[in-house]
Amino acid sequence: MATTLPASAEPPEPAPVSTEETRPLSELPVGAHALIVRVDAAADPGGRLEELGFLPGTRVQLLRRAPLGDPAVYALRGTRFCVRRAEARAVQVRALPGEAGETAP
Amino acid sequence: MSEEADPGIGWAGDASESGGFASAAAAPPLPPLRFGLLGGPNSGKTTLFNALTGLRAKVANYPGVTVERREGRVRVAGRQAVVLDLPGTYSLTPLSADEAVVSRVLAGDLAGVAAPGALVVTADACSLERGLLFVGQVLRLGKPTCLVVTMVDELRARGGALDLARLSDALGIPVVGVVGHRGLGVDRLLALLEHPEGWSLPAIPPPAEPAERAAWVDSVLERVQLRRPGHHRVTEAVDRVVLHPLAGTLLFGAVMVLFFQLIFAWAAPAMDAIDAAIAAISGWIERSLPPGLLADFLADGVVAGVGSVVIFLPQIVLLFTLLYLLEDVGYMARAAFVVDRLMGRIGLEGRAFVALLSSYACAVPGIMATRTVPSPRQRLVTILVAPLMTCSARLPVYALFIAAFVPAVQVWGPLGLQGLTLLGLYLLGGLTALVAAALLRRLVVAGETLPFVLELPPYRLPPPKLVLGQVWGAASAFLRRAGTIILAVSIVLWFLLSFPRTPAPAGASEAEAARHALEHSIAGRIGHAVEPAIAPLGFDWKIGVGLLASLAAREVIVATLAQIYATAEDDPISLREAIRRDRDPRSGELVFQPATVAALLVFFVFALQCASTLAVMRRETNSWRWPAFAFGYLLALAYGASFVTYRIVHAFTT
């Protein structure tokens, strides 16, 4: 069940976490864990995100954002990556509840 | 992994005899081995390469791209062996011409570069989940491959555990664990390299499609029972500050200012020493040889020319040492992260900022530092605007004219008009660079932006040999390619300024004789010839000669004006007075009117007057097209801005 969120310049208030909807990776609140559902190929030219491991079924966590909100640091598959909002929008995720305190290595 | 000192070696399938055949005297010599070294950008590949080849690598360029080609001989018992260090990459599916180099070399598709027969892949022990994705791609090539798991000591330190024998079993290829910077495990790798023909291959190649390959990696790691490492405590703690929105930005600002200041301040004594040495050698030549053409050529042409190359070395060495240190430690990625948003607005990215900042000291190492920018288009734009950053060679020019013509009045507290003018000129250059970058990115070098994905590796203390090797590579590349061009231009300039040799009128002092010779030289005649073209900017022929000379190097204008005004160069006060008082013989007006001075300063803000910069641009872009373009657009910008400045100031002051 996909929900389209309005494409806005500023990140929206983090909505209460629901395990049903998918949202773009770029709109996770800081510290949230999520499971990648799919990657929109058109918005990921060359499939670079996929090659790096941003694949359906992979867990990802948003660690922090840069000043001014972009880019953001994500932890996945044991590595930390900076990704810009434009690319992160291509990744649809489902938020995972209850583990916001833990940081992935 | 049982003992500390023994990273272990895993071997699947038949362990073929390796040493026996090679040592038999009667056996025919085995063919030379050619290994390709692959791995991710932060996987310890370069350290391993250095450990294998011992800094004996040759550096060259691949045709058509700017990526460096590094090959080195490795001592493998009984056979000639060469290791080709391929650029670090996350994936064999390329996003740019530079990235395509790896897959093209492996396919034997790059002219003049033989494909390697066997592959050595590195993967960081602490991020195998991602590293094995790449290994899976490499295994699909079907070449004999072995895996080197690096930084196994860090894995243990963070509480992880990895059974290399099981990993080798699961992958179907030989696996070695190493601690590259301590050389542990390298001997086992070397033993393995003796006989790549005996390496086992996986029974089934891993899947091609990324999602399936990820599932394959997960199943391999499950089979191997990898114990994942915990947090890297130091990285966590430091990043809490470094990546903090406020503290991180302030820290970034401080680091950049320090960077820039150190290059200015620390390089200065070495550069002064080199200057003194050049003067001493020149003087010695003039004293030792009979006065005449040969002495002049050697002293003022060759020695001065070589000197103008060598003088850059302290700044280049210092800049690159700091740059590589920050990069290898892992801070550079964080710096790029902090500043990326601003850079993204103009079409560049975070890493370009560091290169531009370095250009504030000198564009030559700054342009070389653009290698850290992976996107070729962004790198090109950064190179094209680097000359706009106010480099240290502009300082003597600014200093002379500001001191001569800007009144020394206090404007606000400790800030004086002179200091503010200098600051204004610095800012003008920097802001124009950002605007020019945005425009160039849109109009001239447009194109898809590479996705900006930057890994933040854990903080690590780099082995000194690694940094030294990197700095040495950069410095020797500069000497080799840019150095020859700079020397050639210096000699040509000497020629233009010295010929034809006109004897001075009788009774003239030495200084006046110099002025006379200059006026009648080829350069002097060109100065007269271009006077009509530069008259709209308020410049006369003397300034014309100065500008012509300064095309080779900006600060040369000071020495050239000193010669024209028949003053000794190390007597700047009288040069200042001389240019203040100079009047045009025909009109009686001051040559250096306020409008002229303003126009001249603005000209220096924009124009590309540096043969060394052109030479380095040529080296980094592999063609003369872009240096020519840079020279052209900056000259047009300089002329236009100068013209406008002259008209405006002239209107206000007359």
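Everything here concerns the structure above.
In this text, all values refer to a predicted model and were calculated from it rather than measured experimentally. (Residues numbered from 1 in each chain as written. Chains lettered and ligands numbered in written order. Predicted model: local features only at pLDDT ≥ 70, side-chain atom pairs only at ≥ 80, totals over all residues. Heavy atoms only, no water.)

### A word on the pairing of strand 2 (residues 33-39) of chain B
Residues and elements named next belong to chain B.
Reasoning step 1: The buried fraction of strand 2 amounts to six of the seven residues, a majority that puts the element mostly inside the structure.
Reasoning step 2: Of the pairings in the sheet, the one linking strand 2 to strand 5 (residues 81-85) comprises five bridges and is parallel in character. Considered in strand 5, the bridge of Phe-35 is made with Val-83.
Reasoning step 3: Relative to strand 6 (residues 118-124), strand 2 runs parallel, the two being bridged by five bridges. Among the inter-strand pairings, Leu-37 is bridged to a residue of strand 6, identified as Val-120. (Buried < 20%, exposed > 50% of the residue type's maximum accessible area, 1.4 Å probe, protein only. Helix = DSSP H or I, 4+ residues; strand = E, 2+ residues; numbered from the N terminus. Pairing = 2+ DSSP bridges.)

### Some thoughts on unusual backbone geometry
Reasoning step 1: At Arg77(A), a position not held by glycine, the phi torsion is positive, near 50 degrees.
Reasoning step 2: With respect to the secondary-structure elements, Arg77(A) resides in the loop between strand 4 (72-76) and strand 5 (79-83).
Reasoning step 3: Classification of Arg77(A) as buried rests on a relative accessible area of 7%.
Reasoning step 4: The phi angle at Gln225(B) is positive, at roughly 55 degrees, despite the residue not being glycine.
Reasoning step 5: Topologically, Gln225(B) is positioned in the loop between helix 8 (210-224) and helix 9 (233-242).
Reasoning step 6: Residue classification places Gln225(B) among the exposed positions, given a relative accessible area of 57%.

### Considerations on the packing of helix 4 (residues 128-139) of chain B against helix 8 of chain B
All names here are of chain B.
Reasoning step 1: Between helix 4 and helix 8, the shortest axis-to-axis distance is 9 Å and the interhelical angle comes to 115 degrees. Every pair of crossing elements has a handedness; the one defined by helix 4 and helix 8 is right-handed. Residue-level contacts link Leu-128, Glu-129, Leu-132, Leu-133, Gly-136, Gln-137 and Leu-139 of helix 4 to Arg-213, Ala-214, Trp-216, Val-217, Val-220 and Leu-221 of helix 8.
Reasoning step 2: Looking at the contact of helix 4 with helix 8, its residues break down into nine nonpolar, two polar and two charged. (Axes fitted to C-alpha atoms, helices over the stretch in contact; angles between N-to-C directions. Left-handed = near helix turned anticlockwise from the far one by under 90°. Contact = heavy atoms within 4.5 Å. Nonpolar A, V, L, I, M, F, W, Y, C, P; charged D, E, K, R; others polar.)

### With respect to the interface of chain A and chain B
The parts lose accessible area when they come together, and the size of an interface is often stated as this lost area.
Reasoning step 1: Counting from both sides, the interface comprises 31 residues of chain A and, opposite them, 41 residues of chain B.
Reasoning step 2: Contact between chain A and chain B buries roughly 3300 Å² in total, counting both sides, with carbon and sulfur atoms accounting for 58%.
Reasoning step 3: Ranking the residues of chain A by area buried against chain B places Arg48(A), Glu51(A) and Arg77(A) at the top, with a combined share of 24%.
Reasoning step 4: Across the contact surface, chain A and chain B share four salt bridges.
Reasoning step 5: Our count for the contact surface shared by chain A and chain B stands at 12 residue pairs in polar contact (both at pLDDT 80 or more).
Reasoning step 6: Elements supplying a minimum of two residues to the side of chain A that touches chain B: helix 1 (48-51), strand 3 (59-65), strand 4 and strand 5 of chain A.
Reasoning step 7: Here the side of chain A that touches chain B is built from residues that sort into 15 nonpolar, six polar and 10 charged.
Reasoning step 8: With three bridges connecting them, strand 5 of chain A and strand 11 (residues 453-455) of chain B associate as antiparallel partners. Within the sheet, the bridge partner assigned to Phe81(A) lies in strand 11 of chain B and is Glu455(B). (Buried area = accessible area lost by both parts, 1.4 Å probe. Salt bridge = Lys/Arg side-chain N within 4 Å of Asp/Glu carboxyl O. Polar contact = N/O pair within 3.5 Å; in protein donor to acceptor, adjacent residues only side chain to side chain.)

Everything listed here is a matter of geometry and, on its own, says nothing about what the molecule does.
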